[in-house]
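Structure at a glance
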Amino acid sequence: MPRITSHPSGLRQDVFPEDGLMLRLPDGVRGKLLPNEPLAPATWFRVGGPAEVMFKPADAEDLSYFLANIPTDIPVTFVGLASNLLVRDGGVPGVVIKLTPQFGQIKVEGSFITAGAAAVDLNVARAAQSAGIADLEFLCGIPGTIGGGLRMNAGAYGREFKDMVQEATVMDRRGKISTLSVKELGFSYRHSGLPKDTIFISALLEGSAGDPDAIAGKMAHIQKTRADTQPIREKTGGSTFANPDSDPQKRKAWQLIEAAGCKGLKIGQAKVSEKHCNFLINTGRATAQEIEHLGEEVRARVKKRFGIDLRWEIQRIGVAKEEKKS
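So, here's what we can say about the structure. Please read all numbers here as calculations on a predicted model, not as lab measurements. (Residues numbered from 1 in each chain as written. Predicted model: local features only at pLDDT ≥ 70, side-chain atom pairs only at ≥ 80, totals over all residues. Heavy atoms only, no water.)

**Re the pattern of salt bridges**
Evaluation of the coordinates by the stated rule reveals 16 salt bridges. A salt bridge links Glu-313 to Arg-190, with the nearest nitrogen and oxygen atoms 3.9 Å apart. Of this pair, Glu-313 sits in the loop between β20 (311-312) and β21 (315-317) while Arg-190 is found in the loop between β12 (177-181) and β13 (199-206), placing the two residues 123 residues apart along the sequence. A single burial state applies to Glu-313 and to Arg-190, both of which are buried. Bridged by salt links that share partners, the residues Arg-88, Glu-292, Glu-296, Arg-299 and Arg-316 form one connected network. (Salt bridge = Lys/Arg side-chain N within 4 Å of Asp/Glu carboxyl O. Helix = DSSP H or I, 4+ residues; strand = E, 2+ residues; numbered from the N terminus. Buried < 20%, exposed > 50% of the residue type's maximum accessible area, 1.4 Å probe, protein only.)

Written out as structure tokens, the structure is:
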């Protein structure tokens, strides 16, 4: 039988059948398998249903074994720090894989850093600063992990992941590990070209020699700017929409949203931030449905006013309650 870890009292959400999926998962894993694992407490929005089963692999070998032996018809979803994630209220069918701290190691060699996919961007920026490696300061302004940043070619303050990544180690849906060059990763604006069921294991990043004090100053400036301009102390999820490339005036998403009259717009307890209107916030006990409907209302108003389709930058996973599983 797969290894099952019990839940602390009061946390479990029995939304999915208790035994159905667990009986089909591979025997012999060393990590933790958690049926009906709550996801809302782990997301920055604090909303959404549970994972049918969450798997926390012990290490890369354990993850490879699990993927090589899981039936191919079982959906697999990967989550990181969940800072840019909206989990729908009906939960996430199949297996949700969350990497453990074992995947978050950071190693510095000269002007290069090897960072595990679970490494927090801020911690990588701090490691670079301590080692006198410049050009990675922007990471302190991205609230996520290296794996999440690789998935969407995250960026801020004039730089993107594609500007520092030399190569990445990845694992496919069947557990095969390979190392890909930055060109093979297929980076474009807020996008990587790999299949969605590819999981990032680590990345080799390159910076340049710099003065630790000067780097620290740049990081402090980025963090102050972020705190002054974004609702980082709210239950939010990062930038909601990618900046469009179809606007002849080259306006950013927030400018279009504000001009369309959406600042402060509310649906239930979901609200468009008045501090930065490309952020949606949970003002209290919002549902994922309210947040998603608010985002779609913003898209509709921008489309009506400007003829521009805003693309979701926040990742939405799972099913709505009305789409309940059989």
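**Some remarks on the nonpolar core**
Within the largest apolar cluster, 54 residues are counted, with the highest numbers of intra-cluster contacts made by Leu-25, Leu-63, Phe-66, Val-95, Ile-97 and Phe-161. Residue contributions to this core peak at five residues, all from β13. Core analysis: the second largest hydrophobic core is formed by 24 residues, Phe-45, Val-47, Ile-291 and Val-302 among them. (Core = buried A, V, L, I, M, F, W, Y, C linked by side-chain atoms within 4.5 Å.)

**Focus: the environment of Trp-312**
Mapped onto the secondary structure, Trp-312 falls in strand β20. Given a relative accessible area of 9%, Trp-312 falls into the buried group. The sequence separation of Trp-312 and Gly-295 amounts to 17 residues, and the corresponding C-alpha distance is 8.4 Å. If we ignore the near neighbours within four places in the chain, the residues touching Trp-312 are Thr-240, Phe-241, Leu-280, Ile-291, Glu-292, Gly-295, Glu-296 and Arg-299. Reaching out from Trp-312, the side chain makes a polar contact with the side chain of Glu-296 at a distance of 2.7 Å. (Contact = heavy atoms within 4.5 Å. Polar contact = N/O pair within 3.5 Å; in protein donor to acceptor, adjacent residues only side chain to side chain.)

**Focus: empty space enclosed by the protein**
Scanning the model with the defined rule gives one cavity of 30 Å³ or more in all. For the largest cavity, the full set of lining residues is Leu-39, Ala-42, Thr-43, Met-54, Val-79, Gly-80, Ala-82, Leu-85 and Lys-98. Across the lining of the largest cavity, the residue classes tally to six nonpolar, two polar and one charged. (1 Å grid on protein atoms, 1.4 Å probe; cavity = no way out; pocket = protein on both sides within 12 Å on 5 of 7 lines; lining within 4 Å. Points joined across faces, edges and corners; volume = space filled by probe spheres on them. Nonpolar A, V, L, I, M, F, W, Y, C, P; charged D, E, K, R; others polar.)

**Thoughts on the sheet that holds β13**
The strand order across the open sheet built from five strands is β6-β7-β13-β11-β12, with neighbouring strands paired in antiparallel fashion. The open sheet has two edge strands, β6 (106-109) and β12, and neither has a second partner. Ignoring strand direction, the axes of neighbouring strands in this sheet form an average angle of 15°. Taken together, the four bridges between β6 and strand β7 (residues 112-116) define a ladder with antiparallel strand orientation. Opposite Ile-106, over in β7, you have Ala-115 as the bridge partner. Lying on the sheet, helix α1 (residues 60-69) is in contact with β11 (165-171) and β13; it crosses β11 at an angle near 50°. (Pairing = 2+ DSSP bridges. Axes fitted to C-alpha atoms, helices over the stretch in contact; angles between N-to-C directions.)

**Description of the sheet that holds strand β1 (residues 32-37)**
Strands sit in the order β1-β2-β5-β3 across an open sheet of four strands; the sheet is mixed. Each having just a single partner strand, β1 and β3 (76-79) make up the two edges of the open sheet. Here the average twist between neighbouring strands, direction ignored, is 30°. The sheet contact formed by strand β2 (residues 51-56) and strand β5 (residues 92-98) spans four bridges and is parallel. Residue pairing across strands places Met-54 opposite Val-96, the latter belonging to β5. α1 contacts β1, β2, β3 and β5 of the sheet and is inclined by roughly 155° relative to β5.

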